[in-house]
Amino acid sequence: MNSPTSDQTVLLARIADALERLAPSPAVKTDWLASPAYVWTGSSARGVDRLDAPDLGLLRGIDSQKERVVTNVERLAAGHAAHDMLLWGSRGMGKSALLRAAVRNADAAHPGRVALVQVAQEALSGVTDLFAELGHVERSFLVFIDDLGFEEDDGAGPRILRSWLEGGVEARPANVRLAVTSNRRAIVERRMSGQDDPINPRDSVDESLALADRFGLSIGFHNCDQDAYLAIIAGYASDHALEWDQGDALEWSRRRGARSGRVAWQYVNELAGRAGKTL
């Protein structure tokens, strides 16, 4: 057999190099011990170097809710029995901020023992793979699904959640707990067909309520009154050395048409802008 010429050798090397470039790069393995938080994309995760969360003392008007969430996350970080959590209720009242702050607080008490993993709704179908990875890691994880709500074509969502919460064959491992935020306690599709069913008119509603009941902690958040709204502003303004006026703060909420922790923070951001400061 004739040996390849130098030109053929060069050509073969170029072909091999081109094929190597076309081949997909091997997936980068996630270091589940390196970061305080992660974002799951459905097939892989990326680490977040800093978990952005307010100080727990700045979350006002939700003292009862804060105590229950912080205690539960502390148990998870310590390796003790902990609950799955459903945080439901009014928009802008600190549900997501409280979860982030609780994980950061628990991590300070138990360095490196707990991490937050945020999962977007469109990545829910890949969470079984996520659980398979996390189950082999010597660390506790709070898997966080924010602002959960189902439209008419999202019927798979409740079934996926139910499988995890009921302990099916592919349920989440013992070192993982779920935290879900939603605007409603009844995680139900936004349509009336269930009520229009002439045979079982309440089946769909009852099924969704049963799903909510499968969370060990179901914690409601409600619109804050004027005093709580002003107390939230006072806390943030003091922390950032900002001057403010009660009448101006109330006028801000009237223009926004709401009083909530989010509206209070937006007002504080406005104060900082007026003062030429950053937050």
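Look up a bit, the structure's there.
Residues numbered from 1 in each chain as written. Predicted model: local features only at pLDDT ≥ 70, side-chain atom pairs only at ≥ 80, totals over all residues. Heavy atoms only, no water.

Engineer: Where do I start with the overall build of the protein chain in this structure?
Structural biologist: Within the protein chain, the secondary structure is distributed over ten helices and seven strands. By residue count, 42% of the 279 residues in the protein chain fall in the buried class. Considering only contacts within the protein chain whose residues lie at least 6 apart along the sequence, 74% involve residues at least 24 apart. Accessible area of the protein chain: about 15,400 Å², with a carbon and sulfur share of 49%. (Helix = DSSP H or I, 4+ residues; strand = E, 2+ residues; numbered from the N terminus. Buried < 20%, exposed > 50% of the residue type's maximum accessible area, 1.4 Å probe, protein only. Contact = heavy atoms within 4.5 Å. Areas by Shrake-Rupley, 256 points an atom, 1.4 Å probe, with all protein chains shown as cover.)

Engineer: It is not clear to me how helix 10 (residues 261-274) should be interpreted in this structure. Could you clarify?
Structural biologist: Residues three or four positions apart in an α-helix share a direction because the helix packs 3.6 residues into each turn. Here helix 10 contains 14 residues, and its C-alpha end-to-end distance of 20 Å stays within 8% of the 20 Å for a straight helix at 1.5 Å per residue. Along helix 10, the positions that sit buried rather than exposed are Gly261, Val263, Ala264, Tyr267, Val268, Leu271 and Ala272. Tucked inside the fold, the buried residues of helix 10 contact helix 8 (226-239) and helix 9 (246-256). Once helix 10 finishes, Gly276 follows within two positions and takes phi at roughly 70 degrees, a positive value. (Expected span 1.5 Å × (residues − 1).)

Engineer: Can you walk me through the pairing of strand 4 (residues 114-119) in this structure?
Structural biologist: Sheet faces and side chains relate simply in a regular strand, where the side chains alternate between the two faces. Among the six residues of strand 4, five are classified as buried, and the element is accordingly described as predominantly covered. Two elements, strand 1 (residues 37-40) and strand 4, share four bridges in a ladder whose sense is parallel. From the neighbouring strand, Ala37 faces strand 4, where its bridge partner is Leu116. Note that strand 4 and strand 5 (residues 140-145) share five bridges and pair parallel. What sits directly across from Gln118, in strand 5, is Phe144. Regarding topology, helix 4 (residues 127-134) serves as the crossover connection from strand 4 to the parallel strand 5, and that connection is right-handed. (Pairing = 2+ DSSP bridges. Right-handed = clockwise from strand over helix to strand, strands pointing away.)

Engineer: I keep staring at the packing of helix 2 (residues 63-77) against helix 3 (residues 95-109) and nothing clicks. Help me out?
Structural biologist: When two helices pack together, their arrangement is given by the angle between their axes and by how far apart the axes lie. The geometry of helix 2 relative to helix 3 is characterised by a closest axis approach of 9 Å and an angle of 45 degrees between their N-to-C directions. With respect to each other, helix 2 and helix 3 are oriented oblique. The handedness of the crossing between helix 2 and helix 3 comes out as right-handed. Residue-level inspection shows Gln65, Lys66, Val69, Val70, Val73, Glu74 and Ala77 of helix 2 in contact with helix 3, the latter providing Leu98, Leu99, Ala102, Val103, Asn105, Ala106 and Ala109. In the contact of helix 2 with helix 3, the residues fall into ten nonpolar, two polar and two charged. (Axes fitted to C-alpha atoms, helices over the stretch in contact; angles between N-to-C directions. Parallel < 35°, antiparallel > 145°, perpendicular 65-115°, else oblique. Left-handed = near helix turned anticlockwise from the far one by under 90°. Nonpolar A, V, L, I, M, F, W, Y, C, P; charged D, E, K, R; others polar.)

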